[in-house]
Amino acid sequence: MTDYIPVLHGGTDLRADELDTIESAKSIAAALVRLGYRSEVIALDIDFTVLETIAMTKPLAVFNLVESIRGDGRLGHLACSLLQHFNLSYTGAGETAFFQSNSKRLSKSLLRAANLPTPREWRDMAAAGQKVIVKSVNEHASFGMDQQSIVEGHEAEEEIARREKEFGGRFFAEAYIPGREFNISMVETKKGPMVLPIAEMRFDGLPEGTYPIVDYAAKWDEESDVYHHTRRRFGLEAREPDLASELSRICVDCWYAADLSGYARVDFRVDPAGRIYILEYNANPCLAPDAGFAAALSKADMSYEDGIQMIVEAALAKGLN
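In this report, we go over the structure that sits alongside the text.

**Overview of the overall build of the protein chain**
Helix and strand counts for the protein chain stand at 12 helices and 12 strands. Computed over the C-alpha atoms, the radius of gyration of the protein chain is 19 Å, within 12% of the 20 Å expected from 2.2 N^0.38 for a compact globule of 321 residues. Looking at the protein chain as a whole, 54% of its 321 residues qualify as buried. Contacts spanning at least 24 positions in sequence make up 69% of the contacts within the protein chain whose residues lie at least 6 apart. By element, 51% of the accessible surface of the protein chain is carried by carbon and sulfur atoms, the whole surface being about 14,300 Å². For the protein chain, the distance from the average site of its 34 positive side-chain charges to the average site of its 49 negative ones is 3 Å.

**As for the sheet that holds strand β3 (residues 63-64)**
Ordered by their spatial adjacency, 3 strands build an open sheet running β2-β1-β3, and the pairing between neighbours is parallel. The sheet is open, and its two edges are formed by β2 (41-43) and β3, each paired on a single side.

**Points about helix α5 (residues 104-113)**
Turning to α5, its buried residues number three or more, namely Lys104, Ser107, Lys108, Leu110 and Leu111. When α5 is viewed along its axis, its buried side chains cluster within an angular range of 155 degrees and face the same direction. Buried residues in α5 make contact with α4 (95-101), β4 (131-136), β6 (171-175), α10 (241-257) and β12 (276-282). Asn115 sits one or two positions beyond α5 and adopts a positive phi of about 60 degrees.

**Focus on unusual backbone geometry**
Of note, Asp259 is a non-glycine position whose phi angle comes to about 55 degrees, a positive value. With respect to the helices and strands, Asp259 occurs in the loop between α10 and β11 (263-270). On the accessibility criterion, Asp259 (56% relative accessible area) is exposed. Not every positive phi belongs to a glycine, and Asp301 is a case in point at roughly 65 degrees. Tracing the backbone through its elements, the reader meets Asp301 in the loop between α11 (292-299) and α12 (304-318). Exposure remark for Asp301: the relative accessible area of 73% places this residue in the exposed category.

Criteria and cut-off values
- For every chain, the first residue of the written sequence is number 1, and numbering continues from 1 along that sequence.
- Side-chain atom pairs in this predicted model are given and counted only at pLDDT of 80 or more, local residue features only at pLDDT of at least 70, and totals for whole chains, interfaces and linings cover all residues.
- To obtain the side-chain values, all non-hydrogen atoms of the structure were included, while hydrogens and water were left out.
- Counting from the N terminus, the helices are the DSSP runs of H or I reaching at least four residues and the strands are the DSSP runs of E reaching at least two.
- We compute the radius of gyration over the C-alpha atoms and compare it with the globule rule, which gives 2.2 Å times the number of residues raised to the power 0.38.
- Residue exposure (1.4 Å probe, protein chains only): buried if accessible area is under 20% of the type maximum, exposed if over 50%, otherwise partly exposed.
- Note on contacts: a residue pair qualifies if any of its non-hydrogen atoms lie within 4.5 Å across the two residues.
- Only the protein chains shown count as cover for residues, and all accessible areas are computed by the Shrake-Rupley method using a 1.4 Å probe.
- Only four residue types enter the tally: Lys and Arg on the positive side, Asp and Glu on the negative side, with His and both chain ends excluded.
- By convention, the point assigned to a charge is CZ for Arg, NZ for Lys, CD for Glu and CG for Asp.
- Only strands that DSSP links by at least two bridges are regarded as paired with each other.
- When we speak of the arc, we mean the arc of directions from the helix axis to the C-beta atoms.

Below you can see the structure in the form of structure tokens.
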């Protein structure tokens, strides 16, 4: 049996988040080699013949990191479709689940249908007296999100139009939830999804008037205040076991409702009254060695290679997605 597992990505060198995807692909390929596989990094562009070339090598599986093509998140699901077309096993979510997750509006409709808590969309709520946050429908990594994304409800329509003109693609608005933020990584095992240690995003010391959100600058702009004041903290399970248990339960419910597989991340807000809201789930979260998934693995006493191996094993157990 072949031991070849190429790492496929659709990143470009045009944005910091996409450059991070390329570097993540290199790190995963290196981890696969340390695990005893043969691997290389392969970029996917609009010319899909590269997948036909991969198919001819008959790989054990393809490690799929594609979440956008040419910087357009609306095209990310095509990688899953084409991998299935060529009968290639691949890591992560299957075609339908990935397509649903790649649209925040579609995924939130799915969550609401499963009676899982998520902020109300702006079009379904009274505009007066409620702040909303304007987000890209299809892009991840907080692309198109900054401090000016939070506006009064009556300003939402104008802000959506402005951001669509500036960033391209489609934007929408939902209720802004003040409070605490949690990012929870999950990985598939033979017994089902494993919830990794819960990370709380702390915004201690932010300048006055700054909203505590993980926007694009907080993730990617090393010269910004929010980047240096946005920190990850573990230990919720010991400090607040009831909250940790409820967040974990909702994570598992989200996994099954969204038909996730391989690995995922669920982001939450908990408001001052203790109400929990799913901000989004990500079927293809960042796997960089310095990102949240790797940090959660380490907190669970697992190595980066352990996590990569588990993701590969899930793909192989499932066979063709």
